[in-house]
Amino acid sequence: MAAQNKPVLHGYFRSSCSWRVRIAFALKGIEYDQVPVNLIKDGGQQLTDQYKALNPMQQVPAVEIDGITLSQSLAVIQYVEETRPGPKLLPTDPKKRAQVRMICDLIVSGIQPLQNLYVIQKIGAEKVQWAQHFIDRGFQALEPILKETAGAYCVGDEISMADICLVPQVYNAERFKVDVGQYPTIKRLNQALLEIEAFKVSHPCCQPDTPADLRA
């Protein structure tokens, strides 16, 4: 793919990892094409040989950009941060930058993988309680961290990669009936971020593959 061509996002409307990439693209003003990968239909389209050739982990997202394919959301976000103009997604201050990365890692390594579709499918009947447990455990750690780092947004008063990770995780928490009201800083930040256009246009309720009954 030539560098001037639009990136192609292979994702799923409700995938938090896909949503992170959509938010970053929207914040950066990057036009892109979407190829839906339905994680439920036909046993999971991510499990096909065709998709495995694109992303050997058989997860979403996979992004074709500038002649390469990237298959981890933070790798995609940091790539566009380094190669595209627009609002900075990582602070210039080293301490704030480290705090952003700490928050991102807590979410993308310490919470989301434990309640993603693949894991939940293995758990069976206890899947809701399992997801609630690990989301609560993560939010109990995240809340005091954000109390220290947050201004208007997760780290200070500028939107960063931390905010990009937070909002999809709160969406997951609400899907699994976690009481987000227990975490006032997380709740405040999420509400503020959902008022921003980049978070609205990238929301799962308005994607090309969003089912009609979930559209808003």
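Just so we're clear, the structure is a prediction, and the values are computed from it rather than from any experiment.

Relative to the 18 Å expected for 13 residues at 1.5 Å per residue, helix α1 (residues 16-28) spans 18 Å between its end C-alpha atoms, a close match to the ideal helical length. Within α1, 12 of the 13 residues are buried, leaving the element largely enclosed by the surrounding structure. Inspection of α1 places Ser16, Cys17, Ser18, Trp19, Arg20, Val21, Arg22, Ile23, Ala24, Phe25, Leu27 and Lys28 among the buried residues, and these make up the whole buried set. Capping of α1 at its N-terminal end is provided by Ser15; its side-chain oxygen lies 3.3 Å from the backbone amide nitrogen of Cys17. Looking one or two residues past α1, Gly29 carries a phi angle of roughly 70°, positive in sign.

Below, the discussion takes up the packing of α1 against helix α3 (residues 73-83). Here α1 crosses α3 at 10°, and the two axes come no closer than 9 Å. Judged by the angle between their axes, α1 and α3 are roughly parallel. In this structure, α1 contributes Cys17, Arg20, Val21, Ala24, Phe25 and Lys28 to the contact, and α3 contributes Ser73, Val76, Ile77, Val80 and Glu81. The residue inventory of the contact of α1 with α3, partitioned by class, reads seven nonpolar, one polar and three charged.

Note the cis peptide between Val60 and Pro61, where omega equals 5°. Topologically, Pro61 is positioned in the loop between α2 (49-54) and β3 (62-65). Its identity is not glycine, yet Asp42 carries a phi of approximately 55°, on the positive side. With respect to the helices, strands and loops of the structure, Asp42 is situated in the loop between β2 (33-36) and α2.

Cut-offs applied
Residues numbered from 1 in each chain as written. Predicted model: local features only at pLDDT ≥ 70, side-chain atom pairs only at ≥ 80, totals over all residues. Heavy atoms only, no water. Helix = DSSP H or I, 4+ residues; strand = E, 2+ residues; numbered from the N terminus. Expected span 1.5 Å × (residues − 1). Buried < 20%, exposed > 50% of the residue type's maximum accessible area, 1.4 Å probe, protein only. Polar contact = N/O pair within 3.5 Å; in protein donor to acceptor, adjacent residues only side chain to side chain. Axes fitted to C-alpha atoms, helices over the stretch in contact; angles between N-to-C directions. Parallel < 35°, antiparallel > 145°, perpendicular 65-115°, else oblique. Contact = heavy atoms within 4.5 Å. Nonpolar A, V, L, I, M, F, W, Y, C, P; charged D, E, K, R; others polar.

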